[in-house]
Amino acid sequence: MNAQEDTYFAEIGVHGGSSYYLGDANNVLFKNAQLSYGLIYRQKFNPRLAAHLSWNSATVAGKGSIDNVNNISFNNRVNAFDLAGEFNFFSYERKEYLPFSKTFTPFVFAGVGGALGNSVATMSLPFGVGFKMMLGDRLNLNIMWSNRLMFNDNLEGKADVNDPEKDKDVFNDHAKLNGTNIFNNDMLSTLTVGITLNI
């Protein structure tokens, strides 16, 4: 069984869960959580190291108030693409005779990526934590909390403003801080559960 299992050097699968963002209209984790779903491909280098390429479709939504205009709403669909390296805390393999060999492991990951959406086209820095567990010879359970620090500050896209004299970009750079530091940029996060198939 071990010889057969060692022939699987990659995984492909689907995942789904929730998404939220931190930015000009929200600074609370998991507030205004929306549906998220996507695909993932993982290349295994050894039991501790891997890399994944993923696509996530997420929604950035909410309401806010700026410049005495109340209940400004926005709803922006964003496609996020991540390429990240992974480090497993345990050797992720089914070899009971090895002391740190486990059929489950927490892991951390970081890399580079990008995002496309309404008024959004930017690079990003994805990072996060996860947990993976073997469900058999071919199937794996994946839980991932992914955070993507954007290179810009306009994930909200075009807001729905009732005042015709107001710019529909009111959430973007209203404090005139864009470009001053990377920590002013928006962050898109997803918390997903998925299944992958060893290939």
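Below is a summary of the structure that appears in this document. Predicted model, so just to flag it, every value in this text is computed and none were measured. (Residues numbered from 1 in each chain as written. Predicted model: local features only at pLDDT ≥ 70, side-chain atom pairs only at ≥ 80, totals over all residues. Heavy atoms only, no water.)

1. Notes on the overall build of the protein chain
Looking only at helices and strands, the protein chain features one helix and 10 strands. Overall, the protein chain shows an N-to-C arrangement of helices and strands of α-β-β-β-β-β-β-β-β-β-β. When each of the 199 residues of the protein chain is scored for burial, the buried share is 44%. By sequence separation, contacts in the protein chain at least 24 residues apart represent 65% of the contacts at least 6 residues apart. When the accessible area of the protein chain is evaluated, it comes to approximately 10,000 Å², of which 62% is carbon and sulfur surface. (Helix = DSSP H or I, 4+ residues; strand = E, 2+ residues; numbered from the N terminus. Buried < 20%, exposed > 50% of the residue type's maximum accessible area, 1.4 Å probe, protein only. Contact = heavy atoms within 4.5 Å. Areas by Shrake-Rupley, 256 points an atom, 1.4 Å probe, with all protein chains shown as cover.)

2. Quick notes on the side chain of Ser 57
Secondary-structure assignment places Ser 57 in strand β3 (residues 49–66). You can call Ser 57 buried: its relative accessible area is 2%. Beyond its immediate sequence surroundings of up to four residues, Ser 57 is in contact with Leu 35, Ser 36, Tyr 37, Arg 77, Val 78 and Asn 79.

3. Focus: the pattern of salt bridges
What the rule picks out here adds up to six salt bridges. A salt bridge links Arg 148 to Asp 82, with the nearest nitrogen and oxygen atoms 2.7 Å apart. With Arg 148 in strand β9 (residues 139–150) and Asp 82 in strand β4 (residues 69–88), this residue pair connects regions lying 66 residues apart in the sequence. Each of the two residues, Arg 148 as well as Asp 82, counts as buried. With its nearest N and O atoms 3.8 Å apart, the salt bridge here joins Lys 95 to Glu 93. Classification of Lys 95 as buried rests on a relative accessible area of 17%. It is possible to trace a salt-bridge network through shared partners that takes in Glu 11, Arg 42, Lys 44, Glu 86 and Lys 132. (Salt bridge = Lys/Arg side-chain N within 4 Å of Asp/Glu carboxyl O.)

4. Notes on the environment of Met 133
For Met 133, the location among the structural elements is in strand β8 (residues 120–134). For the pair formed by Met 133 and Ile 195, sequence separation is 62 residues and the distance between their alpha carbons is 9.8 Å. If sequence neighbours within four positions are ignored, Met 133 has contacts with Tyr 92, Thr 103, Phe 104, Leu 139, Asn 140 and Leu 141.

5. Details of the nonpolar core
Generally speaking, a soluble globular protein has its nonpolar side chains buried in company with each other. Counting residues in hydrophobic clusters, the biggest one holds 12 residues: Tyr 21, Ala 25, Ala 58, Val 60, Phe 74, Val 78, Ala 80, Ala 115, Val 120, Met 150, Leu 155 and Leu 188. Listing elements by their share of this core, those giving two or more residues are β3 and β4. If one sorts the elements of this core by residue count, β4 sits on top with three residues. With residues up to four places along the chain from it excluded, the contact list for Val 60 reads Tyr 21, Phe 74, Asn 75, Asn 76, Val 78, Leu 155, Glu 156 and Leu 188. In this structure, Ala 84, Phe 107, Phe 109 and Met 144 belong to the second largest nonpolar core, which totals five residues. (Core = buried A, V, L, I, M, F, W, Y, C linked by side-chain atoms within 4.5 Å.)

6. Topic: unusual backbone geometry
Non-glycine residue Phe 30 carries a positive phi angle of around 65°. Following the sequence through the fold, Phe 30 ends up in the loop between β1 (10–22) and β2 (34–44). With a relative accessible area of 36%, Phe 30 lands in the partly exposed category. For Asn 32, which is not a glycine, the phi torsion comes out positive at approximately 55°. With respect to the helices and strands, Asn 32 occurs in the loop between β1 and β2. Its relative accessible area of 31% is what places Asn 32 among the partly exposed residues.

7. What about the pairing of strand β7 (residues 104–117)?
Pairing of β7 with β8 involves 12 bridges; the strand directions are antiparallel. Across the sheet, residue Phe 107 finds its bridge partner in β8, namely Gly 130. (Pairing = 2+ DSSP bridges.)

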